[in-house]
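Understanding the architecture of this molecule
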Amino acid sequence: MAGKTVTRADLSEAVYHQVGLSRTESAALVETVLSEICACLAGGETVKLSSFGSFVVRSKGKRVGRNPKTGVEVAIEPRQVMVFKPSNVLKAKINGQAINGLDKHDEDD
């Protein structure tokens, strides 16, 4: 799947082929997992997936920004943002490095 965007349908198809559930069950499983992750994040919880990474909701305070075209200052209201922090295992896979076993604390750095 390199070089393209992976969709829910792609994930469902992978579950269908690798796990052996029906296409309908595979799609429902993917939807359930994604819905649970969304619900946890919406509730302000951190979602940690071992050997993958962490999704964290952070609060950003009010600040002053500038319109880059006009230079006019604009107030940016406080808001919540979601960030993803990849685990060391995922970073190693992305960079083609060998993984010497899973470190229990691979996501804590």
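Refer to the structure above for everything that follows.
One structure accompanies this document, and this report is about it. These numbers were taken from a predicted model, which means no experiment stands behind them. (Residues numbered from 1 in each chain as written. Predicted model: local features only at pLDDT ≥ 70, side-chain atom pairs only at ≥ 80, totals over all residues. Heavy atoms only, no water.)

1. Side note on the overall build of the protein
Check the secondary structure of the protein and you find three helices and five strands. Reading the secondary structure of the protein in the N-to-C direction produces α-α-β-β-β-β-β-α. Looking at the protein as a whole, 20% of its 109 residues qualify as buried. Within the protein, contacts between residues at least 6 apart in sequence are counted, and of these 33% link residues at least 24 apart. When the accessible area of the protein is evaluated, it comes to approximately 8,200 Å², of which 56% is carbon and sulfur surface. (Helix = DSSP H or I, 4+ residues; strand = E, 2+ residues; numbered from the N terminus. Buried < 20%, exposed > 50% of the residue type's maximum accessible area, 1.4 Å probe, protein only. Contact = heavy atoms within 4.5 Å. Areas by Shrake-Rupley, 256 points an atom, 1.4 Å probe, with all protein chains shown as cover.)

2. What to know about the pairing of strand 2 (residues 53–60)
Two elements, strand 1 (residues 47–49) and strand 2, share three bridges in a ladder whose sense is antiparallel. Looking at strand 2, one finds that valine 47 is bridged to phenylalanine 55. Remark: three residues form the turn of the hairpin made by strand 1 and strand 2, two consecutive strands paired antiparallel; serine 51 in that turn has positive phi of roughly 65°. Across eight bridges, the pairing between strand 2 and strand 5 (residues 79–86) is antiparallel. Across the sheet, residue serine 59 finds its bridge partner in strand 5, namely glutamine 80. (Pairing = 2+ DSSP bridges.)

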